[in-house]
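# Descriptive analysis of the structure
Residues per chain, in single letters:
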Amino acid sequence: MDVTKLTIKGAIQSLKKKEYSSKELVQGCLDQIKRHDATLHVFLTVDEKTALQNAQEADELLKQDITKPLLGIPIALKDLYTTNNLRTTAGSKIINNYMPTFDATVVTKLKEAGAIIIGKTNEDAWGHGSSGENTDYEATRNPYDVTRVPGGSSSGSAVAVATGMSLAGTGTDTGSSIRLPAAYCNLVGMKPTYGRVSRYGIISMASSFDTIGHMTKTVYDNALLYEITAGCDPKDATSVDVPVPPYTKLLEKDIKGLRIGIPKEYFDLQGMQKEIQEVTQTAMKDLESLGVQFKEISLPHTSYAMACYYILVPSEISSNLSRYDGIRFGHMRNQFGAEAKRRIMLGTYALSVGYYEAFYKKAAQVRTCIKKDFENAFKEVDVMIMPSSPTIPFKIGEKASDPLAMYLSDIFLCPVNIAGIPGLSVPCGFTQQLPVGMQIVGPQFSEERLYSLAGEYEKIHEWYTHIPNIK
Amino acid sequence: MKKIYEPVIGLEVHVELKTNSKMFCGCPADHFGKEPNTQTCPVCLGLPGALPVPNKKAIEWCIKLGLALHCTVPAESKFDRKNYFYPDLPKGYQISQYDKPLCENGWIQINDRKIRIRRVHQEEDTGKLQHIEAEGQQVTLVDFNRSGVPLVEIVTEPDFHTIDEVDQYVKQIRRIIRYLDISNADMEKGSMRLEPSISLRVSGSDELPNYRVELKNINSFRFVRKAIEFEIKRQSEILDLGETIVQQTRGWNESKQVTLPQREKEEAHDYRYFPEPDIPPMRFTNVFVEGIRKQIPELPDAKKSRFMKTYNMNESVADILIQEKELGEYFEKTVRLSQIPPVIIANALVNQSMDIQNVKPEEFINVINKKQQEKQVDTGVVETAIEAVIASNAKAIEDYKKGKVSALMFLIGMVKRELKGKGDATTIEIELKKRLA
Amino acid sequence: MQSKKITIDVSHTAKLANLPLTIAEENLFSNQLSSVLTYVQQLAEVETKDIEPTAQVTGLVNVFREDIITPGLSQEEALKNAPGEYKGFFKVKSIF
């Protein structure tokens, strides 16, 4: 058993066939952590003892041929996910000693599905970032090139999956935070429709943007987790009561004739690296062989998306972080990291008397325009495709001193959160031995369509087999 | 020369609803006297990741109160975040309502005037603070049992001009709230809180003063009265000197018998309101709102008019019978169950402190009948007494014929004296009126 | 469109946000925030007359819960992470 080559689908079959036990599987992941975590800085908390105990219990159930969707499968949780009795830090020093007394709804669902929680992963503190460098701890490294960023904010979860430290990594996506690390680490990353997955117990960044998703090696694995996490939650008033389809059973859907939109504003973008454009276009040619149709569409308000995002999101952040006052938990507010302080102040300013109309309200109106852009486009096409990032994974420190430059790297990803629609990043090739991802976007609750297309493409190129050679 | 000033007073009333659970979570709402921090959960403690879900009943009750106060219920409403920092506010913001309250533009009749009600809206309560010395240090202790309890806020326009009007308003509002059975509205226990705003203008002026002083954290109506009185005096003195009054928040200091400025913890009230993203907006159909309106029982004013009309009751008696909804209901039940004239039952209820919780109407009827019998006197004896009184009280008769009600009372008293306490006042009144017609 | 440079009163904003800052932080943030705010100004170019602001992308309305009591935290659990505690209360330095 080589954990670096496993998929969940494969592991489930192997556990069934008794090729190895859950305990061995979990131990394999723990060993991989011991091997590489000091270099890669993936985990903030490893729950070794409990994980092995749970693996043992899983093995008992497996012996009795009891089936649960994720029985015995080790997963890693982003440290924004509240876990009962397991330290939860949000990647921040302010709650570096916080021991929650309840599980997030999604955590309960994953536990009930039999998953084994290996530990809590590193991230940009509070979700504030696209590279992983804004963690209050050591910055996570990209396993394909340890001098480069793995993408963020769900940086640790991405690297955990890419290196076999776990078979799935959960994350949150408010502007890019699942899809970008998925693209930079050669993974499938799902950003759900807003409201599809419960936010209860996931530390809030921007309440009307936050989505709760996950990263895996393959499309099937991703769909499997989604079947478990999706669904309405009475504890989350913004979760939508739409039935959850059996995503794994719908992967073989016929995609002939699927109309794929290419947003012309995205491909016209200055600052897009030539190689990214080339790799993505090659991937699109491969898709053509599946019988899909491409059509150029327009998203006219694209150039305003980042400005809109960087008013609304910090505004909600500034309010959501007010509860960290050192009274019921955590430390004093002066211990917030620089990026958190920046966003809190940006948001406080945008909401304050005299500026609310020109900033917050205006941005909320532009949000409506951007949402409408997508709705109009989806009248002509079924999905859209674009690169997940305009650049290859950048070097650590390259953008750290220029927050604005960092913000602008999310240009293809943020508009999707503004509109509340789903986005799936899938590996589509390599350049300079670094992974490139492409994003498939659809209207609300169209995830089946995204999975079908991604699944068919994966059959042509199994990019997930290109595992990193960690130096 | 001293000017005459007219007080311009507005009132904010906060009412804790007596729902089973809190406004945004399932913790018990009844927090009075409980051990600290024993009725909390991640939501009302503001723990990371917790999310609010609104209590349907609380919203219905807020609308019910608004309708009882003649408000309109707009088709669309929402919650907003009111952002500020204070140790009793766990999230660092209060979920409240800003520009789309549940109810608006109502009124209530006080004497011959209408007091306009600007809005009735829904919000959540904060935790409770205590300042003590512990282990040699000055500390602040926080209990979050009260955090998240549903609050309704009733805001008037600055339409009050006397303390008496404020007094009557508070009594009326309290009565209506208790008739609706949505809160105990008990000032001592904090389930009703008053925040008057006071300013002065020169008598005869129509304009609103350009400042106001808010009074907060006063937990009895007696102290609120004193505070308002003191404020009026304090502000007059400042204005007489030609100086301006500082706009501020003040509290009542009972030992010094003065109002004193309270320390403000937020900068210049910049609450940075924005729509609460964790709670979808609300839309109400006419059918829904009318459904709530139907749940409103007969309210005090309507009951009083009806009692006076139907039972030929005089106003002072009716006033007492409508104090508590249960008292009025008890009265009517007794009337239904017996043949005794309602006026007699009413007077009996008013004059004797009946334990209506423990004495059933049927027993009460027996009590009245017994008393009647004790006072029983021959009609002939009564008539003789009446003649005697009429003969020796010509002036009173004249006054009565002129319309003086007090003269009638006097005559009844004289007849009772003649009868040495026997006889029933109501019957005597009826007979006297017949004789003098 | 030539964006007018926006300067932010960092000290005032930090106070509103209850964020104690050092002088060095104030200076650093002043420049960084200024450049972000100057960038976002371009939204003024967008025609938004009669456009409703979006606060909720789900389209949900009237999401409520029934008025029933559900289990919460024990006193011990509530106080579990408290930096300061006294006889069942959360304890902080006096605010006066």
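The structure we're discussing is the one just above.
Attention here is on the structure that accompanies the text. Nothing here was measured: the structure is a model prediction, and the numbers come from that model. Along each chain, residues carry numbers from 1 onward, in the same order as the chain's sequence is written. Chain A is the first chain written and ligand 1 is the first ligand written, with later ones labelled in order. Where totals are concerned, whole chains, interfaces and linings use all residues; where local detail is concerned, this predicted model gives features only for residues with pLDDT of at least 70, and gives and counts side-chain atom pairs only at 80 or more.

## Concerning the overall build of chain C
- A count of helical and extended segments in chain C gives three helices and two strands.
- All radius of gyration figures rest on C-alpha atoms, and the globule criterion is 2.2 Å times the number of residues raised to 0.38. Its C-alpha radius of gyration of 23 Å places chain C more than 25% over the 12 Å reference for a compact globule of 96 residues.
- The burial criterion counts other C-beta atoms lying within 10 Å of a residue's C-beta, which is placed from the backbone; the residue is buried at 20 or more, exposed at 12 or fewer, and partly exposed between these limits. Within chain C, buried positions represent 28% of all 96 residues.
- Of the contacts made within chain C by residues no fewer than 6 positions apart, 53% connect residues no fewer than 24 positions apart. Where helices and strands are cited, they refer to DSSP runs of H or I of at least four residues and of E of at least two residues respectively, numbered from the N terminus. The contact criterion used is a C-beta to C-beta distance within 7 Å, with each C-beta placed from the backbone.

## Some details on the interface of chain C and chain A
- On the chain A side, the residues contacting the 39 residues of chain C number 46 residues.
- Every element with two or more residues in the side of chain C that touches chain A is listed here: helix H1 (10–16), helix H2 (23–40) and strand E2 (89–93) of chain C.
- The element that contributes the greatest number of residues to the side of chain C that touches chain A is H2(C), accounting for seven residues.
- All amino acids are sorted into three groups, where Ala, Val, Leu, Ile, Met, Phe, Trp, Tyr, Cys and Pro are nonpolar, Asp, Glu, Lys and Arg are charged, and the leftover types, Gly among them, are polar. The residue inventory of the side of chain C that touches chain A, partitioned by class, reads 25 nonpolar, 10 polar and four charged.

## Section: the sheet that holds strand E8 (residues 137–143) of chain B
- We call two strands paired when DSSP finds no fewer than two bridges between them. Strand order in the open sheet formed by four strands is E7(B)-E8(B)-E2(C)-E1(C), and the pairing between neighbours is antiparallel. Whereas interior strands pair on both sides, the edge strands pair on one side only; in this sheet they are strand E7 (128–134) of chain B together with strand E1 (85–86) of chain C.
- Note: E8(B) against E2(C), four bridges, orientation antiparallel. Along E2(C), the bridge assignment pairs B:Leu141 with C:Lys91.

## Details of the sheet that holds strand E6 (residues 113–124) of chain B
Residues and elements named next belong to chain B.
- Read across the sheet, eight strands follow the order E5-E6-E9-E1-E10-E11-E12-E13 without closing on themselves; strand pairing throughout is mixed. Only two strands of the sheet have a single partner each, and these edge strands are strand E5 (103–110) and strand E13 (258–261). Across the sheet, the mean angle separating the axes of adjacent strands is 30 degrees when strand polarity is ignored.
- Of the strand pairs in this sheet, strand E1 (residues 5–16) and strand E9 (residues 150–156) are connected by five bridges, and their pairing is antiparallel. Counted as the bridge partner of Glu 12 is Val 155 from E9.
- Axis angles are defined between N-to-C directions and span 0 to 180 degrees, where every axis is a line fitted to C-alpha atoms and, for a helix, only to the segment in contact. Relative to the sheet, helix H2 (residues 163–180) contacts E1, E5, E6, E9 and strand E10 (192–202), its axis offset from that of E5 by approximately 115 degrees.
- Here helix H3 (residues 221–240) sits on the sheet in contact with E1, E10, strand E11 (213–215), strand E12 (249–253) and E13, set at roughly 25 degrees to E10.

## Comments concerning the interface of chain C and chain B
- Listed per partner, the contact involves 32 residues of chain C and 38 residues of chain B.
- Of the residues contributing to the side of chain C that touches chain B, the split by class is 17 nonpolar, nine polar and six charged.

## Re helix H5 (residues 300–310) of chain B
Residue and element names in this part refer to chain B.
- Those residues of H5 not exposed but buried are Pro 300, Lys 303 and Phe 307. One face of H5 carries all of its buried residues, which in axial projection span an arc of 65 degrees. Opposite the buried face of H5, by more than 90 degrees, sit the exposed residues Ala 302 and Lys 309.
- In the core, the buried residues of H5 are packed alongside H2, helix H6 (315–321) and helix H7 (325–337). The arc in question is the one traced by the directions running from the helix axis out to the C-beta atoms.

## So, the pairing of E10(B)
All names here are of chain B.
- Counted residue by residue, E10 has eight buried out of 11 residues, so it is predominantly covered.
- The pairing of E1 with E10 spans 11 bridges and is antiparallel. Bridge pairing in E10 places Glu 12 opposite Glu 195.
- As paired strands, E10 and E11 are joined by two bridges and run antiparallel to one another.

## Examining the packing of helix H7 (residues 219–229) of chain A against helix H15 (residues 447–460) of chain A
All names here are of chain A.
- With their axes 9 Å apart at the nearest point, H7 and H15 run at an angle of 160 degrees to one another. Considering their axes alone, H7 and H15 lie roughly antiparallel with respect to each other. In this structure, the crossing between H7 and H15 has a hand that is left-handed. Mapping the contact onto sequence places Val 219, Ala 223 and Tyr 226 in H7 and Glu 447, Tyr 451, Ala 454, Gly 455 and Glu 458 in H15.
- The residue makeup of the contact of H7 with H15, split by class, is five nonpolar, one polar and two charged. Roughly parallel means an angle under 35 degrees; roughly antiparallel means over 145; roughly perpendicular covers 65 to 115; every other angle is labelled oblique. The hand of a helix crossing depends on one turn: near helix anticlockwise from the far one by less than a right angle means left-handed, and clockwise means right-handed.

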